[in-house]
Amino acid sequence: DEVGLMEMGANQAILVRNSEAKRRLPIELRSGLVLTISESKGLEFDDVCLFDFFSDSPADKEWHVLTSLLPASAAASAEADARSCEF
């Protein structure tokens, strides 16, 4: 289609940290199966996208410590991967 997005299938899910993150989900991703971590407990999927998962994490400082140990190019790539969600 126009923006290059594929339709999501039954074995794909978008996981968000909480209901607030679910409300912030871009309109393009809302047609797929979107679950909070609690809602997804016990379920299995072939493909999972974590949407905006670390931005409001209570472990924010801990993640910055881990990413600071990565080489600059790997850290930039990890941040870019975290922002994108392609199926």
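Quick caveat, the model's predicted, so the values are computed rather than measured.

Engineer: Where do I start with the overall build of the protein in this structure?
Structural biologist: Within the protein, the secondary structure is distributed over 3 helices and 3 strands. N-terminal to C-terminal, the α/β element order of the protein is β-α-β-β-α-α. Across the 87 residues of the protein, 22% fall into the buried class. When contacts within the protein are restricted to residue pairs at least 6 apart in sequence, those whose partners lie at least 24 apart make up 54%. Accessible surface, the protein: about 6,400 Å² in total, of which carbon and sulfur atoms supply 55%.

Engineer: How do you make sense of the nonpolar core when you look at a structure like this?
Structural biologist: Soluble globular proteins tend to pack their nonpolar side chains together in the buried interior. Residues Ile14, Val16, Ala21, Leu25, Leu29, Val34, Cys49 and Phe51 constitute the largest nonpolar core, which totals 8 residues. Ignoring sequence-local partners within four residues, the contact set of valine 16 consists of Ala21, Lys22, Val34, Leu35, Thr36, Ile37, Phe51 and Phe53.

Engineer: Help me out: how do you make sense of the side chain of serine 40 in this one?
Structural biologist: Assignment of secondary structure puts serine 40 in the loop between strand E2 (34–36) and strand E3 (47–50). With near-sequence residues (within four places) excluded, serine 40 lies in contact with Leu15 and Leu35.

Engineer: Can you walk me through a nonpolar patch on the surface in this structure?
Structural biologist: On the surface, a nonpolar cluster with roughly 290 Å² of combined accessible area is contributed by Ile37, Val48, Leu50 and Phe54. Mapped onto the elements, isoleucine 37 comes out in the loop between E2 and E3. Exposure remark for isoleucine 37: the relative accessible area of 35% places this residue in the partly exposed category.

Engineer: I keep staring at the pattern of salt bridges and nothing clicks. Help me out?
Structural biologist: Pairing between side chains becomes possible if they bear opposite charge and their charged atoms approach one another. Across all of its chains, the model carries 3 salt bridges by this definition. Of the charged contacts in the structure, one is a salt bridge between lysine 22 and glutamate 39, with a shortest N-O distance of 2.9 Å. Taken as a pair, lysine 22 in helix H1 (residues 19–23) and glutamate 39 in the loop between E2 and E3 lie far apart in primary sequence, 17 residues in all. Judged by its relative accessible area of 28%, lysine 22 is partly exposed.

Engineer: Honestly, the pairing of strand E1 (residues 12–16) in this entry has me stumped. Any pointers?
Structural biologist: For a regular strand, side-chain orientation follows a simple rule: the groups alternate between the two sheet faces. In terms of burial, E1 is a largely internal element, 5 of the 5 residues being buried. A two-sided burial pattern is seen for E1, the buried positions comprising Gln12, Ile14 and Val16 on one face and Ala13 and Leu15 on the other. One ladder, built from 4 bridges, connects E1 with E3; its direction is parallel. Within E3, the position partnered with glutamine 12 by the bridge is aspartate 47. As defined by bridge partners, E1 adjoins E2 across 3 bridges and the pair is classed as parallel. Counterpart to leucine 15 in the pairing with E2 is leucine 35.

Rules of the game
The written sequence of each chain sets the order in which its residues are numbered from 1. Reporting in this predicted model follows two pLDDT cut-offs: at least 70 for local features of residues, and 80 or more for side-chain atom pairs to be given and counted; totals over whole chains, interfaces and linings ignore these cut-offs and use all residues. Side-chain calculation: all heavy atoms of the structure are included, whereas hydrogens and water are not. Here a strand is any run of E in DSSP of at least two residues, a helix any run of H or I of at least four, and the numbering for each starts at the N terminus. Only protein chains enter the accessibility calculation, which uses a 1.4 Å probe. A residue is then buried if its area is under 20% of the maximum for its type, exposed if over 50%, and partly exposed in between. Contacts are residue-level and defined by heavy atoms, with any inter-residue pair within 4.5 Å sufficient. Only the protein chains shown count as cover for residues, and the accessible areas themselves come from Shrake-Rupley with a 1.4 Å probe. Working definition of a nonpolar core: buried Ala, Val, Leu, Ile, Met, Phe, Trp, Tyr and Cys residues. They are joined through side-chain atoms within 4.5 Å. To count toward a patch, a residue needs a relative accessible area above 30% and no salt bridge. Like charges then connect within 9 Å, nonpolar side chains (Val, Leu, Ile, Met, Phe, Trp, Tyr) within 5 Å. Should a side-chain nitrogen of Lys or Arg be within 4 Å of a carboxyl oxygen of Asp or Glu, the pair is scored as a salt bridge. The rule for pairing is simple: two strands pair if DSSP sees at least two bridges between them.

Honestly, that's just the spatial picture; any functional story needs more than this.
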